[in-house]
Amino acid sequence: MTTRAAFLHGGLIWQLALHSLGFDHLPSLVKGISTEAVPFGDLFVEDGGQTYYDDGLSEEEIDFMCGTYYIDLRECDGLEVVSWWPWPNAWNASGLNVSFWSARCKDWFQTRLGNI
């Protein structure tokens, strides 16, 4: 996982990276793509057919950052998937996803962190 990919992801993933790593890692954003971007990053295709790669996170890396774990439900013959933090799709559908880290987002994050 690249630090740059976590910061570029935005939303809650960005805040979790910032909380864990601190502001000192923000300069990694302007250094450009990492050497892992081509084999492991995200492929983008522009309208004209031009393709390029950038750093991205795998689903496993996002699960790790969200604190995903599995509960064995032996009586139901299954697994329950839960996480300490909401996954990006849940965050994106929430009223907190307003395209910037608002005071409301900060309050929610601090409350959730305190509850954990």
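Before reading further, recall that the structure is shown in the block above.
Now for a look at the structure at hand. Bear in mind that the values here come from a model prediction, so they are computed numbers and not experimental data.

## A few points about the overall build of the protein
Of the regular secondary structure elements, the protein holds 6 helices and 4 strands. For the protein, the sequential pattern of α-helices and β-strands runs α-α-α-β-β-α-β-β-α-α. The burial tally for the protein puts 25% of its 116 residues in the buried class. In the protein, of all internal contacts separated by at least 6 residues, the share reaching a separation of at least 24 is 39%. Carbon and sulfur atoms make up 54% of the accessible area of the protein, which amounts to about 7900 Å² in all.

## Things to note about the packing of aromatic side chains
One pass over the full model with this rule turns up 7 aromatic pairs. Between tryptophan 85 and phenylalanine 109 the ring centres are 4.9 Å apart and the planes differ by 15°, which places this aromatic pair in the stacked class. Taken together, the positions of tryptophan 85 in the loop between strand 4 (78-83) and helix 5 (88-93) and phenylalanine 109 in helix 6 (residues 103-115) put the pair 24 residues apart, joining distant regions of the chain. In this structure phenylalanine 109 comes out as buried when scored by relative accessible area, which is 1%. Through a chain of ring-to-ring contacts, three or more aromatic side chains come together here, namely Trp14, Trp85, Trp91, Trp101, Trp108 and Phe109.

## Some words on the side chain of glutamine 15
Following the sequence through the fold, glutamine 15 ends up in helix 2 (residues 11-21). You can call glutamine 15 buried: its relative accessible area is 10%. What glutamine 15 contacts, discounting residues up to four positions off in sequence, is Trp101 and Phe109.

Calculation rules
Residues numbered from 1 in each chain as written. Predicted model: local features only at pLDDT ≥ 70, side-chain atom pairs only at ≥ 80, totals over all residues. Heavy atoms only, no water. Helix = DSSP H or I, 4+ residues; strand = E, 2+ residues; numbered from the N terminus. Buried < 20%, exposed > 50% of the residue type's maximum accessible area, 1.4 Å probe, protein only. Contact = heavy atoms within 4.5 Å. Areas by Shrake-Rupley, 256 points an atom, 1.4 Å probe, with all protein chains shown as cover. Phe/Tyr/Trp six-rings, centres within 6.5 Å; stacked < 30°, edge-to-face > 60°.

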